[in-house]
Amino acid sequence: MIEILKAILFGIVEGVTEWLPISSTGHMILLDEFIKLDVSPEFYSLFQVVIQLGAIMAVVILFWNDFFPFGKKDNQYPLAKDGLLSYVKVDKVVLWIKILVACIPAAVVGVLFDEQLEAMFYNYQTVSIALIVFGIAFIVIENRNAHQHSRIHSLRNITIQTALLIGVFQLIAAIFPGTSRSGATIVGALLLGVSRTVAAEFTFFLAIPVMFGASLLKIVKFGLSFTMQEATILIVGMVVAFVVSVFVIKFLMSYIKKHDFKVFGWYRIVLGIIVLVYFMFLG
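Residues numbered from 1 in each chain as written. Predicted model: local features only at pLDDT ≥ 70, side-chain atom pairs only at ≥ 80, totals over all residues. Heavy atoms only, no water.

## Brief notes about a nonpolar patch on the surface
Phase 1: Taken together, the side chains of Ile104, Val108, Val111, Leu112 and Phe113 define a hydrophobic patch exposed on the protein surface, amounting to about 470 Å² of accessible area.
Phase 2: The exposure class assigned to Ile104 is partly exposed, which follows from its relative accessible area of 45%. (Patch = residues over 30% accessible without salt bridge, like charges linked within 9 Å, V, L, I, M, F, W, Y side chains within 5 Å. Areas by Shrake-Rupley, 256 points an atom, 1.4 Å probe, with all protein chains shown as cover. Salt bridge = Lys/Arg side-chain N within 4 Å of Asp/Glu carboxyl O. Buried < 20%, exposed > 50% of the residue type's maximum accessible area, 1.4 Å probe, protein only.)

## Looking at the packing of helix α2 (residues 24–34) against helix α3 (residues 41–50)
Phase 1: Contact geometry of α2 with α3 gives a least axis separation of 10 Å together with a crossing angle of 140 degrees. One finds that α2 runs oblique with respect to α3. In the packing of α2 onto α3, the handedness of the crossing is right-handed. Contacts from Met28, Ile29 and Asp32 in α2 reach Tyr44, Phe47 and Gln48 in α3.
Phase 2: Of the residues belonging to the contact of α2 with α3, the class tally is four nonpolar, one polar and one charged. (Axes fitted to C-alpha atoms, helices over the stretch in contact; angles between N-to-C directions. Helix = DSSP H or I, 4+ residues; strand = E, 2+ residues; numbered from the N terminus. Parallel < 35°, antiparallel > 145°, perpendicular 65-115°, else oblique. Left-handed = near helix turned anticlockwise from the far one by under 90°. Contact = heavy atoms within 4.5 Å. Nonpolar A, V, L, I, M, F, W, Y, C, P; charged D, E, K, R; others polar.)

## Points about the pattern of salt bridges
Phase 1: With the rule as written, the count across this model stands at six salt bridges.
Phase 2: Residue Glu3 pairs with Lys6 through a salt bridge whose shortest N-O separation is 3.2 Å. Of the two residues, Glu3 and Lys6 both sit in helix α1 (residues 2–17), three residues apart, roughly one turn of that helix. Lys6 shares its class with Glu3; the two are buried.
Phase 3: Where Lys262 meets Asp260, a salt bridge forms, and the shortest distance between an N and an O atom there is 3.9 Å.

## Digging into the nonpolar core
Phase 1: Residues Trp19, Phe202, Phe204 and Phe205 are the most contacted members of the largest nonpolar core, which totals 53 residues.
Phase 2: If you list the elements that add at least two residues to this core, you get α4 (52–62), α6 (90–121), α7 (124–145), α8 (160–175), α9 (181–191), α10 (196–222) and α11 (228–255).
Phase 3: It is α10 that contributes the most residues to this core, eleven residues altogether.
Phase 4: Residues within four places of Trp19 in sequence aside, it is in contact with Ala55, Ile56, Val59, Arg181, Ser182, Phe204, Ala207, Ser245, Val248, Ile249 and Leu252.
Phase 5: Met28, Val50, Leu53 and Ala241 belong to the second largest nonpolar core, which has 18 residues in total. (Core = buried A, V, L, I, M, F, W, Y, C linked by side-chain atoms within 4.5 Å.)

Dropping the structure here:
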């Protein structure tokens, strides 16, 4: 029973931190320092990644009509006027091309160097430094943008080149835990002149293939030899992450229509300092 309660806590942390630009992986690593799941190191490595599928399903459900590329309803850009091709939404197909292009840098590095990067950088020092550095970046970029106007105000206006550059920023998060995948892509998008709302939406959509791919990679490496307890822990964590994510996504999309990201930058800096001090002097 105690392990189920721990899984619920991990699911809550995942659901909150996956979408706010404060690093879900970083928070999961830090949570593991204080609350240990009674599982093997191999399963916990898988759990850290696959629990994110619950959060991703929240995006799939909330934004289904915004990215699903097939259907007659609200199809403003059909591939043809009649027949099966009239069900193809050209604008959504183009969006998916951009999303997949943005996934290329992180996908290549993840497949080739996943275990090496995890061994080198999944520790409190890297998490703390990444929290602080990208916290500062948020504040600096938002201060700069306060005097400038965004060039890109819709997903359709994101070019292939811009999508690839956003993918390069996502690569930073893939290498350094604590950076935050959403944080890195949002910072990159803001630097490239994308509005906050569009940057957040593109980040949400970008998470779908990235997290499904990362989860599949972990499951293939781990195999399907779950114990009953491991399977229960994983399912509970994913379900909780999904429910919490629904509320967090709705909150974030409402919040950024009236506010900037600086509050998350300050949070990251404070948390990074606290973590460094704790582990250096008390840990």
